[in-house]
Amino acid sequence: MSRKPELKGRAARLARLFPVGRANQAARAPFVLLVVLLLGGGLIGLLVLNSALSEGSFKLDDLQKQTKNLTDEEQALQRDIDAYSAPDALQRRARELGMVPGGDPAFLGSDGTVKGVPSPAALRGTTQPPAPEAIGTPSVAVPTPAVSAPVTAPTPTPVTTPVTAPAPALTPVTTPTTTPGR
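This is a predicted model, so every value here is computed, not measured.

About the cut-offs
Residues numbered from 1 in each chain as written. Predicted model: local features only at pLDDT ≥ 70, side-chain atom pairs only at ≥ 80, totals over all residues. Heavy atoms only, no water. Helix = DSSP H or I, 4+ residues; strand = E, 2+ residues; numbered from the N terminus. Contact = heavy atoms within 4.5 Å. Areas by Shrake-Rupley, 256 points an atom, 1.4 Å probe, with all protein chains shown as cover. Patch = residues over 30% accessible without salt bridge, like charges linked within 9 Å, V, L, I, M, F, W, Y side chains within 5 Å. Salt bridge = Lys/Arg side-chain N within 4 Å of Asp/Glu carboxyl O. Buried < 20%, exposed > 50% of the residue type's maximum accessible area, 1.4 Å probe, protein only.

1. Describing the overall build of the protein
Here's step 1: Along the protein, the regular secondary structure elements total four helices and two strands.
Here's step 2: Once local pairs closer than 6 in sequence are excluded, the contacts in the protein between residues at least 24 apart make up 42%.
Here's step 3: For the protein, the computed accessible surface area is about 16,600 Å², with 64% contributed by carbon and sulfur atoms.

Dropping the structure here:
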């Protein structure tokens, strides 16, 4: 018993512009579909973003572990270098290679004068060559000279005569370090 009132005039003309009946409900369907698609796309976007952040977090954790391992390895290598560079270790290895301590040095002045009294290196009690394992070369039969009597070096006299030929200038050779920050 509900009947629509009849419209007149301007209201009737406006009412004719709007569709009647089921058409009003059909116009809502694209809007609802659009809202559902936007919400679904947003949720999928958040899921992808969250998984990318998780993957980055795992990579960061792996890189931190690798950095810690490499730092530990660097410190162990540095300890080895320090142990090999210690004066007593250098002296022991030099003796294994057959080296002897040097004598007193002499220095050349810029004007060509010799300053100091040079002396030869101390002679070892034996003149046997070092073992090949100490040198790191394959063993080769080397004849050993016979020592008949200890040799004493003559005592040098101080020399202060100028040298006529200038000594060539030495250029320092620098090697780059492989450890960053040093």
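Here the narrative resumes, following the displayed structure.
2. Quick look at a nonpolar patch on the surface
Here's step 1: On the surface, F31, V32, V35, V36 and L39 cluster together into a nonpolar patch covering about 480 Å² of accessible area.
Here's step 2: Mapping V32 onto the fold places it in helix α2 (residues 23-85).

3. A short note on the environment of P118
Here's step 1: Within the secondary structure layout, P118 lies in the loop between β2 (114-115) and α4 (132-135).
Here's step 2: Using a relative accessible area of 38% as the deciding quantity, one classes P118 as partly exposed.
Here's step 3: Separated by eleven residues in sequence, P118 and F107 place their C-alpha atoms 8.6 Å apart.

4. Thoughts on the pattern of salt bridges
Here's step 1: Under the criterion given, the structure shown has four salt bridges.
Here's step 2: In this structure, K68 engages D72 in a salt bridge whose closest nitrogen and oxygen atoms are separated by 3.3 Å. With a gap of four residues between them, K68 and D72 both fall in helix α2, about one helical turn apart.
Here's step 3: Given a relative accessible area of 52%, K68 falls into the exposed group.

5. Considerations on the environment of L7
Here's step 1: With respect to the element layout, L7 can be found in the segment before α1 (10-17).
Here's step 2: What makes L7 partly exposed here is its relative accessible area of 46%.
Here's step 3: Once residues lying within four places of it in the same chain are set aside, the contact partners of L7 are A12 and A15.

Keep in mind that these numbers describe shape and distance, not what the molecule does.
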